[in-house]
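# Working through the structure, step by step
So you can see what is in the structure, the chains are spelled out below.
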Amino acid sequence: QVQLVESGGGLVQPGGSLRLSCAASGSIFSINGMGWHRQAPGKERELVATITSGGITNYADSVKGRFTISRGNAKNWVYLQMNSLKPEDTAVYYCKAWVAGGDYWGQGTQVTVSS
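The present account deals with the structure reproduced in this document. (Residues numbered from 1 in each chain as written. Predicted model: local features only at pLDDT ≥ 70, side-chain atom pairs only at ≥ 80, totals over all residues. Heavy atoms only, no water.)

### What to know about the state of the cysteines
- On inspection of all chains with the given rule, the structure shows one disulfide.
- Through a disulfide, Cys22 is tied to Cys95; the S-S separation comes to 2.1 Å. Between Cys22 and Cys95, the S-S torsion sits near -85°, and that sign places the bridge as left-handed. Of the two residues, Cys22 is situated in strand S3 (residues 18-26) and Cys95 in strand S9 (residues 91-99); the sequence distance between them amounts to 73 residues. For the residue pair Cys22 and Cys95, the accessibility class agrees, reading buried in each case. (Disulfide = S-S within 2.5 Å. Helix = DSSP H or I, 4+ residues; strand = E, 2+ residues; numbered from the N terminus. Buried < 20%, exposed > 50% of the residue type's maximum accessible area, 1.4 Å probe, protein only.)

Encoded structure:
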């Protein structure tokens, strides 16, 4: 079992920045990768960015060049640095960890980009 807790969401003006954090606990040795997904009202959940245990990253086209995913030295933290935020980035952001047997999700953190 892996437990995930996100933090760092909030309200920010267009063009601003936020940094999301996700802490994993439990069977963290089994984690093959971690990432962020988001879900806006009335839309399906979509991938934002992922990072493997080997440090390989992947980004949605909509966030490339603006968002950066990284992992902490202890490997059980994952961060999402979000710059140049746009109103369309408004969503609930979920942390995800994947292991050999499936996926684990955090409870989500709200990000609202509005003036």
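The structure having been displayed, the exposition proceeds.
### Comments concerning unusual backbone geometry
- Its identity as a non-glycine residue notwithstanding, Ser84 has a phi of 50°, on the positive side.
- Topologically, Ser84 is positioned in the loop between strand S8 (77-82) and S9.
- A relative accessible area of 40% means that Ser84 is categorised as partly exposed.

### Observations regarding the sheet that holds S3
- Taken together, four strands build an open sheet; the order of strands is S1-S3-S8-S7 and the sheet is antiparallel. Looking at which strands have only one partner, the edges of the open sheet turn out to be strand S1 (2-7) and strand S7 (67-71). Ignoring strand direction, the axes of neighbouring strands in this sheet form an average angle of 15°.
- By the bridge criterion, five bridges tie S7 to S8 in an arrangement that is antiparallel. By the bridge assignment, Ile69 is partnered in S8 with Leu80. (Pairing = 2+ DSSP bridges. Axes fitted to C-alpha atoms, helices over the stretch in contact; angles between N-to-C directions.)

### Topic: the side chain of His37
- Within the secondary structure, His37 sits in strand S4 (residues 33-39).
- Overall, the relative accessible area of 10% leaves His37 in the buried class.
- Not counting the four nearest positions on each side in its chain, His37 is found in contact with Arg45, Glu46, Leu47, Val48, Val92, Tyr93, Tyr94, Lys96 and Trp105. (Contact = heavy atoms within 4.5 Å.)

### Notes on the packing of aromatic side chains
- Across all of its chains, the model carries two aromatic pairs by this definition.
- Judged by centre distance (6.0 Å) and plane angle (10°), the ring pair of Trp77 and Tyr79 falls under stacked.
- Residue Trp77 is classed as partly exposed on the basis of its relative accessible area of 33%.
- Between Tyr94 and Trp105 the ring centres are 6.4 Å apart and the planes differ by 85°, which places this aromatic pair in the edge-to-face class. Of this pair, Tyr94 sits in strand S9 while Trp105 sits in strand S10 (residues 102-105); the two residues are 11 residues apart in sequence, bridging distant segments of the chain.
- Taking relative accessible area as the criterion, Trp105 reaches 35% and is therefore assigned partly exposed.
- Geometry around Tyr79 places Arg19 over its ring, the cationic atom sitting 4.0 Å from the centre.
- Taking NZ or CZ as reference, Arg45 lies 3.7 Å from the ring centre of Tyr94, over its face. (Phe/Tyr/Trp six-rings, centres within 6.5 Å; stacked < 30°, edge-to-face > 60°. Lys NZ or Arg CZ within 6 Å of the ring centre and 35° of its normal.)

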